[in-house]
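Structure at a glance
Residue strings, one per chain:
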Amino acid sequence: MAQPARHLLKISDLSKEEIMKIIDCAKSLKAHPEKYADRMKQETLLMLFEKPSLRTRVSFETGMTQMGGHAIFYSVADSPLGKKESIEDTAKVLSRFVNVVMARLNKRSDCRQLAHNSTIPVINALDDFAHPCQMLADLLTIIEKKQKVEGLKMAYCGDIQNNVTYDLMRLASVMGFEIHVAGPSGEGYDAEKEVIDECNELCAKSGGKVVLFHTNAADACKDCDIIYCDSWMSYGIPAAEADQRVAKFMPFQVTQEVLNQAKPDCIFMNCLPAARGMEQTAEVVDGPHSVVFDEAENRLHAQKALLLFLCGKKMTE
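All figures in this text were calculated on a predicted structure; none of them were measured in a lab. (Residues numbered from 1 in each chain as written. Predicted model: local features only at pLDDT ≥ 70, side-chain atom pairs only at ≥ 80, totals over all residues. Heavy atoms only, no water.)

Section: the side chain of Arg 245
Locating Arg 245 in the fold gives a position in helix α9 (residues 242-249). Given a relative accessible area of 6%, Arg 245 falls into the buried group. A distance of 2.9 Å separates a polar side-chain atom of Arg 245 from the backbone oxygen of Trp 232. (Helix = DSSP H or I, 4+ residues; strand = E, 2+ residues; numbered from the N terminus. Buried < 20%, exposed > 50% of the residue type's maximum accessible area, 1.4 Å probe, protein only. Polar contact = N/O pair within 3.5 Å; in protein donor to acceptor, adjacent residues only side chain to side chain.)

The structure is reproduced here in structure tokens:
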């Protein structure tokens, strides 16, 4: 009997050992892409998009091409998923056409339904709860720059009630490093209890640590190895709320003065797009500590490795 398909809906769907297997493969793919040129030959990836994308679409499509496969872009923005045809039926149909599905959907419930009814791997390419593909690229970047994970301390500054924040918290909790999460508190700003509970459970096993800060960015960044930001205006947040959110988040902006609180050899990360003068200043994102474009490039290599892992392909040269 065939094994059920593996899905990736949040980074904690993978064990520490599986994450490192993917990272090791990504390093090999990055160094010797030609050795993997036929690894996805005659395989098809369907990319479902309900939200805009630059890095995600281009990196996945390029990755499939580089490994001898094919990627199809399909926008569900104009024909909403689950309206004319149920998500359950859509998943069953797609399972008979393609080899793997990557979905960027608005709601976690839609992504979960898609995976639950699919007999092929489903990759969450960002919903309102997680962004696991970004986590793999981030970890690859951290290991390239720091040559380790153990003993590292990261500070995330900005919007806590955020898909990237949640998965960074999970990543630290699975891999066993420390993360300081700094942002405003109150309704609409606090992390969901489900995420906190999951991280506490994971940290008990890994030795990781998640610490929440509601004061300012400088306190959270003190003596950290990695400083991380994300947008204050995520997909789906009305533009009318911008002024109110900027006022709330400004104490958590990463400036050069804040960055100076971190270790002298710290790296600055942002999953992009970056708004200069908002979550960080221009001198930070364009400065010598910034690795944001290396981080963006690593989406390609990490996702190629993820595709091989989920599709049961050989992951060594």
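Now that the structure is up, let's keep going.
Comments concerning the pattern of salt bridges
What the rule picks out here adds up to 19 salt bridges. Asp 13 is the partner of Lys 10 in a salt bridge, and the nearest nitrogen-oxygen pair spans 3.9 Å. For Asp 13, a relative accessible area of 30% corresponds to the partly exposed category. With its nearest N and O atoms 3.6 Å apart, the salt bridge here joins Asp 265 to Lys 146. Of this pair, Asp 265 sits in the loop between α10 (256-259) and β9 (267-270) while Lys 146 is found in helix α5 (residues 132-146), placing the two residues 119 residues apart along the sequence. Judged by relative accessible area, which is 14%, Lys 146 ranks as buried. Several salt bridges converge on common partners, so that one network encompasses Lys 10, Asp 13, Asp 167, Arg 170 and Glu 198. (Salt bridge = Lys/Arg side-chain N within 4 Å of Asp/Glu carboxyl O.)

As for unusual backbone geometry
Peptide bonds are, in most cases, trans, and in most cases residues other than glycine have a negative phi. Here the amide bond leading from Leu 272 into Pro 273 is cis, since omega sits at 5°, within 30 degrees of zero. When you line up the elements, Pro 273 lands in the loop between β9 and α11 (282-285). We note that Gln 42 has phi near 65°; this positive angle belongs to a residue other than glycine. When you line up the elements, Gln 42 lands in the loop between α1 (16-31) and β1 (44-49). At Leu 272, a position not held by glycine, the phi torsion is positive, near 65°. Take Leu 272: its relative accessible area is 14%, and that puts it in the buried class.

Here's the deal with the environment of Lys 41
As for its position among the elements, Lys 41 is in the loop between α1 and β1. Its relative accessible area of 53% is what places Lys 41 among the exposed residues. Lys 41 sits 168 residues away from Lys 209 along the chain, and the two C-alpha atoms are 42 Å apart. Among residues more than four places away in sequence, those in contact with Lys 41 are Met 67, Gly 68 and Gly 69. (Contact = heavy atoms within 4.5 Å.)

Things to note about the side chain of Ser 118
Along the chain, Ser 118 falls in the loop between α4 (108-116) and β4 (122-124). Leave out the neighbours within four places in its chain, and Ser 118 touches His 7, Ala 91 and Ser 95.

Purely geometric numbers; function is a separate question.
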